[in-house]
Every structure is written in structure tokens, then in C-alpha cells.
Amino acid sequence: MNDLPIDKDEILNELDLIQQNDLKYSDGRILGSMCTEAHPFGKEIYIKFLDSNLGDPGLFKGTKSIEDKTVQIIGKLLNLDKAYGNIVTGGTEANIMAIRAARNHARKYKNIKNGEIILPRSAHFSFKKAADMMNLKIIEADLDENYKIDVESIMDKITDNTVAIVAIAGTTELGLIDPIEEISKIAHENNIYFHVDAAFGGFSIPFLKEAGHDYPEFDFKLPGVCSITVDPHKMGLAPIPAGGIIFRKKEYLKVMAVDSPYLTVKTQSTIVGTRLGASTAATYGLLKYFGRKGYSKLAGRLMDNTYFLKESLEKIGYNVIVEPELNIIAFNHPTKSPEKLSEELEKINGWKVSVANCPKAIRIVLMNHVTKTHLKEFLDDLKKLY
Ligand SMILES: Cc1ncc(COP(=O)(O)O)c(C=O)c1O
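This write-up is about the structure you can find in this document. Just so it is clear, the structure is predicted and the values come from calculations on it, not from any experiment.

Criteria and cut-off values
- Residues numbered from 1 in each chain as written.
- Predicted model: local features only at pLDDT ≥ 70, side-chain atom pairs only at ≥ 80, totals over all residues.
- Heavy atoms only, no water.
- Helix = DSSP H or I, 4+ residues; strand = E, 2+ residues; numbered from the N terminus.
- Rg over C-alpha atoms; globule rule 2.2 N^0.38 Å.
- Buried < 20%, exposed > 50% of the residue type's maximum accessible area, 1.4 Å probe, protein only.
- Contact = heavy atoms within 4.5 Å.
- Areas by Shrake-Rupley, 256 points an atom, 1.4 Å probe, with all protein chains shown as cover.
- Lys, Arg positive; Asp, Glu negative; His and termini not counted.
- Charge placed at Lys NZ, Arg CZ, Asp CG, Glu CD.
- Axes fitted to C-alpha atoms, helices over the stretch in contact; angles between N-to-C directions.
- Left-handed = near helix turned anticlockwise from the far one by under 90°.
- Nonpolar A, V, L, I, M, F, W, Y, C, P; charged D, E, K, R; others polar.
- Pairing = 2+ DSSP bridges.
- Phe/Tyr/Trp six-rings, centres within 6.5 Å; stacked < 30°, edge-to-face > 60°.
- Salt bridge = Lys/Arg side-chain N within 4 Å of Asp/Glu carboxyl O.
- Near = heavy atom within 4 Å.
- Polar contact = N/O pair within 3.5 Å; in protein donor to acceptor, adjacent residues only side chain to side chain.
- 1 Å grid on protein atoms, 1.4 Å probe; cavity = no way out; pocket = protein on both sides within 12 Å on 5 of 7 lines; lining within 4 Å.
- Sits in = over half its atoms within 2 Å of the grid points.

### Concerning the overall build of the chain
So, point 1. When its secondary structure is counted, the chain shows 12 helices and 13 strands.
So, point 2. Its C-alpha atoms give the chain a radius of gyration of 22 Å, near enough to 21 Å, the size a compact globule of 386 residues would have.
So, point 3. Taking the principal axes of its C-alpha atoms as reference, the chain extends roughly 65 × 60 × 45 Å.
So, point 4. Among the 386 residues that make up the chain, the fraction classed as buried is 55%.
So, point 5. Contacts in the chain between residues at least 24 apart in sequence constitute 71% of all its contacts with a sequence separation of at least 6.
So, point 6. In the form shown here, the chain has an accessible surface area of approximately 18,200 Å², with 51% of it arising from carbon and sulfur atoms.
So, point 7. Here the chain contributes 49 positive and 51 negative side-chain charges, whose respective centroids are spaced 5 Å apart.

The following block contains the structure:
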């Protein structure tokens, strides 16, 4: 650390120089991220609420009321009349909260000590962190030939130690939606906590449905669903970090509550203590600013781009792995490995794609910053590399 203060301009110059090493979403080269540039109106609100600490809500009653309203709006979007939950740092924290609620609930009401969680291989790695922190055993449900949970395999994996079943609405690698209605039935009949990870799909499936797309039920309409992760900082265009965890019952927050003696509230259920109010306020503002119509238009446009990319890839001769359900495409070259193609794409024009693991394939997430013009440039390069 320097001894004497340094001039602001000098510091800013240094930071600007360092920041030049970052990629910019607007360059359209980031093709494998579920994050995107936040909407300018979201950024404007964010700055206003930078000092608001949701960890001590008695001091920031206004911001806390914004969080409560945001949870209600998202709850309604997911067909829940009265929602409980929080705007947290992202899908990871939301999933950890869901699993903690399930574990504590099972410990309290079923006396389960060595809990197990059933989840598909396609589940996000955040569940591995949750299981590790809470000493839970992961039981992997099989995937069917379409890379979705094989419902029958769930039946086989349920034991007296099962504390939760997890399904995904918008898998990280392929953007697929698990058969949530059937799993909800199984969970409900067996009195097991059921969490839906809709970190990616939660902000688009309801809007795409409204725009006439056909999707199966995935939310609180299904009686077995206990909680849903839905991230404003992915398809909601909110500034990071903004994840959402919505619970059906207050009880799930209560079983996680610990005493918080020196604060303005008596207990706290979130993992994080001091919590950002800025991204919550930005999320609230953007929900109002876009409205259902605005988000439908956004999700619809990104689906159009997805179909455009899929058809164009097939015309060139690439193999698209599955019919896209959301705005993610996975594809392969007929002979080159995805790792090799990914390297070549980076070399030819700086494209940053990601490589999916199950199955091995190039994975493209068609977020708001990826325009048709970028896609045409990308396709031109793919033609050259074919
Ligand atoms: C389905 C799903 N759940 C959870 C997460 C974790 O979200 P975050 O990176 O915001 O913690 C992701 C991230 O890509 C995801 O795709």
C-alpha cells in the first residue's frame, strides 16, 4: 500500500488501463455467458441505492419495502399469491438458501440427520457447494436421451434420508426444462421438499408463454413446488449481483433463521449478512420499466435470434445437439472436438464460446448483447472453419 495519498486522476488512469483487459459485452464476442450488460435505467437506480444495507433492514426500511415488493412481483409472475424470499447475490446463493431450507425443515420435522438431495447431472455446480457446506449427499438422477431428468429414476432414488429433489427450468448447458409437473407430483405424494432452479428460465418462460410459446408448467401452480430460484441479473437485465429466491411458505425462512442480536431485526435467514440494496432497487425499477410486455418482447427477440442461429448452423453443416427450448444452442463440428473449435474461434476473431460437458459441445447463450450482426459475423467465421 502507498504511504501518501495518490491523486484521483492518476488512480483513475491506472484503473482505466487495467479495465482495458476486460472484455465488453457490446463487442458481441461474449457468447457463453448468462450475464449481460445491465440496462442503463437499472444502472441509474443502482447508484442511488449503493449505500443501502438490506442486512440491517430497520435502518433501511424504504429499501426493505422495495425488496418485499420485488419478491411479491416475482412471486406473482410465478403464480404465487403470497411469496416469501429475498433478492440475493445470484443463483448460487439462492440455491444454497433453498437447500438449507429443505435440510433444516427435514431436520426439524422428519428428524433426518444424514440428508440426501436428488438432482440431475445437468444441475448447476452451486448444488455441489450447497451439499458440501451442509454435509448432504448428492444422489444423481439419470438423464433421459433428451438430456432431461428421467422421472422414473427419481422414484428409485428416494430414501428415508431424502431432504430435497431439485429440477431445472433452463439448464445451464442446454437451456432445457425438466419434466417439472411429474416431479412435483412425486415430491408432493412423498412429502419431499421440491426446489426448481429457474435461475435462467424464470425470467423468460412466463413471458414467452404470454407471447404464445408453448411451455409446460414449471412454477408454484404445481402444488409440489416449494421454492424457485429466478435471477434478475440473467434474463432480467438487472445489474449484478441480483439473484432471487422465492419460497411458497414463510416456514422455510423461519427454519433458517438465526438470532441477529446487534441488528435492528431479531433474526436473519439469508446466508449473507450485509446485503446490497442497490441491485434489488434496480430489479424493482426494471420490472416496472419493462412490464410484462417489455420482457415478452425481449425474450421473444432472443428466441428469434436462437432459431436464426440454429437454422444457419445446420445450413453450414454443424450438428445442433437438441432443439432449443430457451435461448441457448449447443452444437458440434462433424469431426473437430469442441475444444479445438473453441480455440480456433478465439484465434480467428476473439470469439469467447463455452464448451458444455454433457454432452461435449460448443455452447452459445444468446443474451441481449448478442445482436444479429454479431451472429452473422460469427457464422461467417464458422463457415471458414468448417
Ligand atoms: C441454472 C443455474 N442455476 C444457478 C446458476 C448460478 O448462478 P450465479 O452464477 O448467479 O450464482 C446458474 C449460472 O449460470 C445457472 O445456470
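### Comments concerning the packing of helix 11 (residues 338-349) against helix 12 (residues 372-384)
So, point 1. Viewed as axis vectors pointing N to C, helix 11 and helix 12 meet at an angle of 120°, and their least axial separation amounts to 11 Å. As helix 11 runs across helix 12, the sense of the crossing is right-handed. On helix 12, the residues that touch Leu-341, Leu-345, Ile-348 and Asn-349 of helix 11 are Phe-378, Asp-381, Leu-382 and Lys-384.
So, point 2. A per-class count over the contact of helix 11 with helix 12 returns 5 nonpolar, 1 polar and 2 charged.

### Here we look at the pairing of strand 12 (residues 354-357)
So, point 1. Residues of strand 12 alternate between two faces, with Ser-354 and Ala-356 buried on one and Val-355 and Asn-357 left unburied on the opposite face.
So, point 2. Relative to strand 13 (residues 360-365), strand 12 is paired through 4 bridges, and the arrangement is antiparallel. The residue of strand 13 that forms the bridge with Asn-357 is Lys-360.

### Regarding the sheet that holds strand 10 (residues 319-320)
Strand pairs in the sheet, formed through backbone hydrogen bonds, run parallel or antiparallel to each other.
So, point 1. Spatial strand order, 10-11-13-12: 4 strands in an open sheet with antiparallel pairing. At either margin of the open sheet sits one strand with a lone partner, and together these are strand 10 and strand 12.
So, point 2. Strands strand 10, strand 11 (328-332) and strand 13 of the sheet are contacted by helix 10 (residues 278-316), whose axis makes an angle of about 10° with strand 11.
So, point 3. The strands touched by helix 11 within the sheet are strand 11, strand 12 and strand 13, with strand 13 carrying the most contacts at an inclination of about 40°.

### Considerations on the packing of aromatic side chains
So, point 1. Summed over all chains, the structure comprises 11 aromatic pairs.
So, point 2. On the basis of an interplanar angle of 45° and a centroid distance of 5.2 Å, the ring pair of Phe-41 and Tyr-289 is categorised as tilted. Pair noted here: Phe-41 is in helix 2 (residues 40-48) and Tyr-289 is in helix 10, with a separation of 248 residues, a long-range link.
So, point 3. For Phe-41, a relative accessible area of 28% corresponds to the partly exposed category.
So, point 4. With a centroid separation of 5.2 Å and 70° between ring planes, the pair formed by Tyr-318 and Tyr-386 is classed as edge-to-face. Here Tyr-386 lies in the segment after helix 12 and Tyr-318 lies in the loop between helix 10 and strand 10, a separation of 68 residues in the sequence.

### Details of the pattern of salt bridges
So, point 1. Following the criterion strictly, the structure yields 20 salt bridges and no others.
So, point 2. Measuring nitrogen to oxygen at the nearest pair gives 2.6 Å for the salt bridge that ties Lys-148 to Glu-325. Of this pair, Lys-148 sits in the loop between strand 3 (137-141) and helix 6 (151-157) while Glu-325 sits in the loop between strand 10 and strand 11, placing them 177 residues apart in sequence.
So, point 3. Judged by its relative accessible area of 22%, Glu-325 is partly exposed.
So, point 4. Here the salt bridges do not stand alone but share partners, grouping Lys-64, Glu-67, Asp-68 and Arg-275 into one network.

### Re the site of the ligand
So, point 1. Around the ligand, 13 residues are found, and the nearest of them are Thr-92, Thr-172, Asp-197, His-233 and Lys-234.
So, point 2. Separating an oxygen atom of the ligand from a side-chain N or O atom of Thr-92 is a distance of 2.6 Å.
So, point 3. A total of 390 Å² of accessible area belongs to the ligand in isolation, and the protein chains cover 83% of it.
So, point 4. At a threshold of 2 Å from the grid points, most atoms of the ligand map onto the largest pocket.
So, point 5. Counting residues per element, the shell around the ligand draws most heavily on helix 4 (residues 91-109), at 3 residues.

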